[in-house]
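The residues making up each chain are set out below.
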Protein chains: 2
Amino acid sequence: MNPDILNERRKTTFDVEKLTNILNGGPEKTNRRREIESMVLNDPDFKNEDPNFLSRSERYDQAVKKSAQMILKLREYGIADPEEIYCYKSSVHPGRPEPFDLHLGMFLPTLLNQATPEQMDRFFMPAWNLEIIGTYAQTEMGHGTHIRGLETTATYDPVTEEFILNSPTVSSIKWWPGGLGKTSNHAIVLAQLYTQGNCHGLHAFIVPIRDMSTHIPLPGVVVGDIGPKFGFTEVDNGFLKLDHVRIPRENMLMKYAKVDPDGTYVKPPSAKLTYGTMVFIRSMIVGESARALAKSSTIAIRYSVVRHQSEIRPGAPEPQILDYQTQQYKLFPVLAMAYAFTFVGQYMNQTYHRITGDINQGDLSELPELHALSAGLKAFTTWAANSAIEVCRMSCGGHGYSCSSAFPDIYVDFTPTCTYEGENTVMMLQTARYLMKSYRQARAGQRLQGIVSYLNEADHPRIQPQLAAARSTGIDMNDMSSLVEVYKLRAATLVELAAESIQKEMQHNKSQEDAWNNSAIDLVRASDAHCHYVVVKLFADKLGEIDDAPIHSVLLTLARLYALYGISNNSGDFLQAGLLNGSQVLQITTHIKELLSELRPNAVALVDAFDIHDKMLNSVLGRYDGNVYEHMFEWARRSPLNSTEVHESYHKYLKPLRSKL
Amino acid sequence: MNPDILNERRKTTFDVEKLTNILNGGPEKTNRRREIESMVLNDPDFKNEDPNFLSRSERYDQAVKKSAQMILKLREYGIADPEEIYCYKSSVHPGRPEPFDLHLGMFLPTLLNQATPEQMDRFFMPAWNLEIIGTYAQTEMGHGTHIRGLETTATYDPVTEEFILNSPTVSSIKWWPGGLGKTSNHAIVLAQLYTQGNCHGLHAFIVPIRDMSTHIPLPGVVVGDIGPKFGFTEVDNGFLKLDHVRIPRENMLMKYAKVDPDGTYVKPPSAKLTYGTMVFIRSMIVGESARALAKSSTIAIRYSVVRHQSEIRPGAPEPQILDYQTQQYKLFPVLAMAYAFTFVGQYMNQTYHRITGDINQGDLSELPELHALSAGLKAFTTWAANSAIEVCRMSCGGHGYSCSSAFPDIYVDFTPTCTYEGENTVMMLQTARYLMKSYRQARAGQRLQGIVSYLNEADHPRIQPQLAAARSTGIDMNDMSSLVEVYKLRAATLVELAAESIQKEMQHNKSQEDAWNNSAIDLVRASDAHCHYVVVKLFADKLGEIDDAPIHSVLLTLARLYALYGISNNSGDFLQAGLLNGSQVLQITTHIKELLSELRPNAVALVDAFDIHDKMLNSVLGRYDGNVYEHMFEWARRSPLNSTEVHESYHKYLKPLRSKL
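Residues numbered from 1 in each chain as written. Chains lettered and ligands numbered in written order. Predicted model: local features only at pLDDT ≥ 70, side-chain atom pairs only at ≥ 80, totals over all residues. Heavy atoms only, no water.

Turning our eyes to something else, we now look at the pairing of strand 5 (residues 186–195) of chain A. Look at any regular strand and the pattern is simple: side chains alternate between the two faces of the sheet. Residues and elements named next belong to chain A. Burial analysis of strand 5 places nine of its 10 residues in the buried class, the great majority of the element. Two elements, strand 1 (residues 134–137) and strand 5, share four bridges in a ladder whose sense is parallel. Within the sheet, the bridge partner assigned to tyrosine 136 lies in strand 5 and is isoleucine 188. Note: strand 2 (residues 153–157) against strand 5, three bridges, orientation parallel. The partner of threonine 155 across the bridge, within strand 5, is tyrosine 194. Note: strand 5 against strand 6 (residues 198–208), nine bridges, orientation antiparallel. When the sheet's bridge partners are listed, valine 189 is paired in strand 6 with phenylalanine 205. Here strand 5 folds back onto strand 6 in antiparallel fashion, the turn holding two residues, of which glutamine 196 has a positive phi close to 50°. (Buried < 20%, exposed > 50% of the residue type's maximum accessible area, 1.4 Å probe, protein only. Helix = DSSP H or I, 4+ residues; strand = E, 2+ residues; numbered from the N terminus. Pairing = 2+ DSSP bridges.)

Encoded structure:
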């Protein structure tokens with residue numbers, strides 16, 4: 001153990017294991033997670049080469065191998081609970097997406113939700129047994145977020161009782177689905193359904209794409225890998241071009257909508273239930289934001305206590321770089337954010353499960369708010385985490401750029417969350433739509449419930465930014481509820497400003513749609529402030545659940561740092577709304593500096609509490625034992641360029657060059 | 001030509017070619033650049049495979065091949081002007097660093113500056129003829145920015161008249177130098193010089209590391225590649241461990257300092273001249289920030305006019321995504337920044353050359369200010385560009401993640417600028433040191449000259465943040481000089497606040513060093529505001545040089561957007577300092593929206609003016625003709641995973657799996 005890091009752990013003021021249990025949701029969960037992790041990490045069948053040393057094709061190959069092993073082992077050990085499967089999978093492919101992700105996460109669940117009993121017989125068991133390997137093909141080369149724009153057609157032919165699946169244009173080629181390129185032999189294809197001359201919109205069809213015994217693409221099917229990307233190197237994201245491919249009528253997923261043999265279309269019963277799935281996936285993404293931050297802050301903080309550099313006092317030994325105020329100011333807010341987002345993820349997950357109960361009872365009342373909130377929080381947390389990963393990477397000097405640090409992988413595999421499952425700006429505008437609706441309802445005298453209740457007239461004074469300085473409040477910067485309050489008032493102000501912008505546009509004879517578009521900047525700001533308020537509030541709420549005094553104390557420090565740092569970085573909003581005055585903003589900087597000093601002795605313990613196994617972290621900079629440099633040297637020597645002392649290019653190009661000059 | 005992009009070009013209000021000439025520094029420069037580019041781009045010897053489809057070793061191999069060709073061709077064509085060599089090199093390796101970069105950019109120049117005539121004879125011509133290939137080995141595994149901490153030793157042995165070069169610890173291993181791993185046979189090694197029992201600090205030594213005919217590492221030398229990284233995939237950044245390697249006394253670079261045969265150390269004449277080189281390199285990096293922004297905004301803006309998505313008005317055709325206000329708000333500030341940084345780069349380059357003249361005349365008076373400014377501007381522009389590249393990438397939906405977009409390469413090859421040639425936070429603190437010194441001088445009644453003259457007492461009122469609201473100025477948001485003025489006052493305020501923080505700390509009995517560290521957050525903010533002011537000022541100054549009315553008009557729009565966007569994003573500073581009031585901040589948002597609309601018709605023309613050849617951009621999204629989708633499909637089909645219809649992993653793992661389940 002590196003003496004510096006040992007010394008850090010001696011300074012800890014709280015019980016790390018207890019905090020780990022809070023983060024995991026209880027000691028049983030911690031234990032079970034560790035049990036599953038050690039099953040995988042000690043299993044010689046999962047030994048693998050560092051993917052950073054492999055070519056794209058080798059990485060894909062290794063991932064398929066491990067995933068195939070994984071399926072066998074899950075059966076062998078009887079692991080069937082979705083959360084435990086997820087945990088096992090995360091240990092097999094630490095932090096990396098893999099070629100079977102869409103088979104497990106989309107193909108099988110879609111069958112469960114949308115297949116008829118007959119279809120379950122034909123497709124589900126073969127898919128469960130990996131005879132059928134499937135993916136979910138929705139996005140097209142030219143069409144993403146706006147699903148009504150999708151061009152792929154499924155035209156019903158009553159003569160043969162078949163659907164004809166077709167990609168009419170280049171831009172209609174299915175593009176991006178994971179596992180589509182090389183792995184899958186079936187795809188659930190989303191296509192515009194045409195029957196009896198009418199279009200009935202998007203429906204799902206099971207399309208065989210590769211021969212079941214040779215794996216060669218079927219006639220009319222052009223399928224392949226879309227090429228190298230930022231991240232997702234193990235995954236064969238694919239393209240699929242269908243040239244009048246015929247499938248039996250029974251391959252349309254018909255649990256809800258139907259096409260009768262004669263071509264009659266039968267509408268589905270109305271369904272807002274897909275909201276639930278979206279909420280679930282987005283709450284998972286919030287959890288992933290937290291996870292990425294936990295990893296990044298673990299690496300950067302541990303490295304910052306073993307790394308010595310420059311001097312604070314002339315002649316003194318080089319200090320640990322975590323003693324620089326600028327380093328603390330980079331890393332501790334990220335640490336606070338990691339905790340904040342963990343608790344937000346927990347809240348969303350619990351709320352989803354609670355509401356799912358209500359939904360099954362037919363009570364959909366809370367769903368719209370949660371749906372709107374989940375969109376905004378997905379965007380808010382992924383954007384914040386995305387930048388924060390890079391702050392952590394760049395806080396580690398040159399070594400943060402080496403793949404041995406794990407930062408390059410963490411970033412490229414995380415950043416797609418900003419775009420998939422709803423592009424972030426679009427998500428923010430979705431939340432804004434709910435906020436504007438709520439605002440209008442409140443103005444119309446309706447009494448709002450839930451998180452948006454702060455928009456009720458009575459609860460906040462009308463905002464008059466012109467009078468800003470006159471309104472400064474008696475904010476108590478040591479008190480979380482006081483901080484929650486100013487975030488709430490800031491959100492209320494920005495929601496009101498966005499609403500006013502729309503109004504003003506409409507007074508200038510703009511259509512409602514143009515007024516919306518011309519206010520989009522304000523709308524995104526309003527959503528952002530709303531989400532920021534929710535995060536601060538949930539962090540404060542979580543503190544109320546913590547009994548253990550030393551842990552409560554350190555989490556309170558983190559929560560205050562999270563809140564005050566956010567105010568400091570958005571001080572214009574608070575000043576403009578008259579929620580703070582200039583000298584209070586100066587005080588905030590002083591408070592932040594104090595909080596940084598308070599956190600310093602517990603910094604390593606706070607990342608230790610994330611309890612990320614060295615093999616899961618896979619970072620020489622973030623090693624638990626702090627023995628960074630010797631392992632970096634060892635890692636580098638395994639670089640493929642070092643497999644020979646003299647690279648062939650020397651003989652091919654450099655040596656011959658001399659004679660030519 | 002895609003009709004959308006054709007239509008955009010028809011709307012242009014200015015002469016694109018004239019603007020290109022302004023950006024290039026005159027029509028002759030534009031022409032010569034194009035001439036050199038076409039030499040390379042039409043040369044069949046430089047045809048190459050897209051590096052994205054190659055393994056690391058293949059990429060290195062291809063880069064060495066091209067670099068070797070390049071050296072031959074430069075001789076053949078007699079290209080010897082450094083700027084023209086740079087242009088040629090940038091066309092051979094568009095946007096990518098390559099294995100010879102340090103040979104050309106550090107090894108040869110260091111010989112020129114620090115070698116004796118005898119050393120020039122022995123080393124320079126062989127190096128010029130690529131018999132000797134060299135690199136510059138300063139950074140060690142455990143030591144970067146703080147060069148006094150470097151551990152490698154060079155101990156003089158008067159008996160044999162040799163230096164003994166040694167790496168005493170793991171952390172002393174030379175780490176990161178480009179071309180060190182596999183390419184170089186010599187290295188200029190920076191080491192602590194010991195002679196006659198005394199250490200004389202860091203000196204430079206020429207160390208042969210590989211056999212000149214076999215290229216095998218010499219005895220006592222352990223050298224290799226440091227492994228895969230974020231970016232720089234073509235470059236063999238290397239490690240070098242020296243185990244008591246002996247080199248002749250004459251291999252120490254002795255133009256300035258010397259060691260006599262008997263071991264007597266002869267001091268160099270004092271030299272602050274290395275400042276000049278640093279200024280030059282940092283001004284180059286500012287230019288690279290501009291270049292990265294030009295590329296990124298070209299790709300994102302062109303794609304945003306051919307990409308149609310969602311709907312603004314229900315039922316209407318999907319609009320070009322550049323018609324969304326949120327998209328304009330993402331991209332046009334980046335475009336404005338690209339122009340701003342281009343002009344800053346031009347200014348620094350010109351100033352450097354002007355001052356170099358003065359230096360040769362013995363006048364060093366302007367050097368400290370330029371040195372301090374170049375440190376801050378390096379940090380300011382690279383940080384800003386780093387984030388902006390990612391904003392552009394994420395504005396392109398999923399396709400921004402594909403390597404076919406070029407964004408992944410642009411980002412990973414640019415982001416190291418935030419760390420190398422001076423870590424950005426350290427750079428900001430260097431500028432802050434100059435600002436604090438200037439501030440104290442001004443307080444002591446000295447009259448400051450140059451850019452920091454705004455710190456002169458008389459030129460600005462004492463800042464009293466408490467009275468913020470009382471001080472709001474009659475700012476004219478249409479007038480650049482008025483905007484420059486508020487940026488100047490903001491910088492003055494933040495410099496003063498940082499100075500006050502240091503003072504306060506010292507009043508609490510902190511040492512000067514601790515006071516500095518405890519004020520580091522404020523110091524970085526002050527530097528940031530100082531640099532921001534300089535950028536706005538230089539943009540405004542540049543407008544004064546533009547005669548062409550339509551170009552002046554569109555550049556003024558960009559300059560105003562740059563300035564107002566910066567105020568809006570840092571409104572807290574301006575409010576707090578009483579430079580603006582709340583309603584003025586609201587007006588700024590309205591102004592920004594107007595500027596976005598004003599720029600919309602010229603957006604494509606403004607990126608066209610960067611005149612980046614399609615082959616240099618290498619992005620399917622950013623193609624000049626806008627024909628994105630067909631070329632994306634064609635690119636994807638060339639993905640290595642598509643070289644066979646069925647990947648071997650199917651036969652190895654997936655097919656056998658069925659029988660096991």
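What follows continues from the structure just given.
So, about the interface of chain B and chain A. Each partner contributes to the interface: chain B provides 139 residues, whereas chain A provides 139 residues. Between chain B and chain A, a total of about 11400 Å² is buried, with carbon and sulfur atoms accounting for 62% of that surface. The largest per-residue losses of area from chain B upon contact with chain A belong to B:Phe230, B:Tyr401 and B:Leu641, which jointly make up 6% of the total buried on that side. For the pair chain B and chain A, the number of links is eight salt bridges. Of the charged contacts, one joins B:Glu423 and A:Lys330 as a salt bridge, the two residues approaching to 3.6 Å between their closest N and O atoms. Seen at the junction of chain B and chain A, the total is 67 residue pairs in polar contact (both at pLDDT 80 or more). (Contact = heavy atoms within 4.5 Å. Buried area = accessible area lost by both parts, 1.4 Å probe. Salt bridge = Lys/Arg side-chain N within 4 Å of Asp/Glu carboxyl O. Polar contact = N/O pair within 3.5 Å; in protein donor to acceptor, adjacent residues only side chain to side chain.)

Further remarks concern the environment of B:Val64. Inspection of the secondary structure puts B:Val64 in helix 4 (residues 56–77). With 324 residues separating them along the chain, B:Val64 and B:Ala388 place their C-alpha atoms 31 Å apart.

On the basis of which strands lie adjacent, the open sheet formed by three strands has the order 4-8-7 (chain B) and antiparallel pairing. Because the sheet does not close on itself, it has two edges, and the strands there are strand 4 (174–175) and strand 7 (221–225) of chain B. In this structure, strand 7 of chain B lies alongside strand 8 (residues 238–242) of chain B, joined through five bridges in antiparallel fashion. Looking at strand 8 of chain B, one finds that B:Val222 is bridged to B:Lys241. Its contacts with the sheet put helix 21 (residues 628–637) of chain A on strand 4, strand 7 and strand 8 of chain B, and the angle it makes with strand 8 of chain B is roughly 115°. (Axes fitted to C-alpha atoms, helices over the stretch in contact; angles between N-to-C directions.)

Okay, the sheet that holds strand 7 (residues 221–225) of chain A next. The pairing of strands in a sheet happens through backbone hydrogen bonds and is either parallel or antiparallel. Sheet architecture is open: three strands sit in the order 4-8-7 (chain A), paired in antiparallel fashion. Pairing within the sheet leaves two strands with one partner each, and these edge strands are strand 4 (174–175) and strand 7 of chain A.

This brings us to the side chain of B:Asn52. Residue and element names in this part refer to chain B. Here asparagine 52 is to be found in the loop between helix 3 (27–41) and helix 4. With relative accessibility at 11%, the residue asparagine 52 sits in the buried group. Within the local environment of asparagine 52, its side chain forms a polar contact with the side chain of aspartate 409, the two groups lying 3.5 Å apart.

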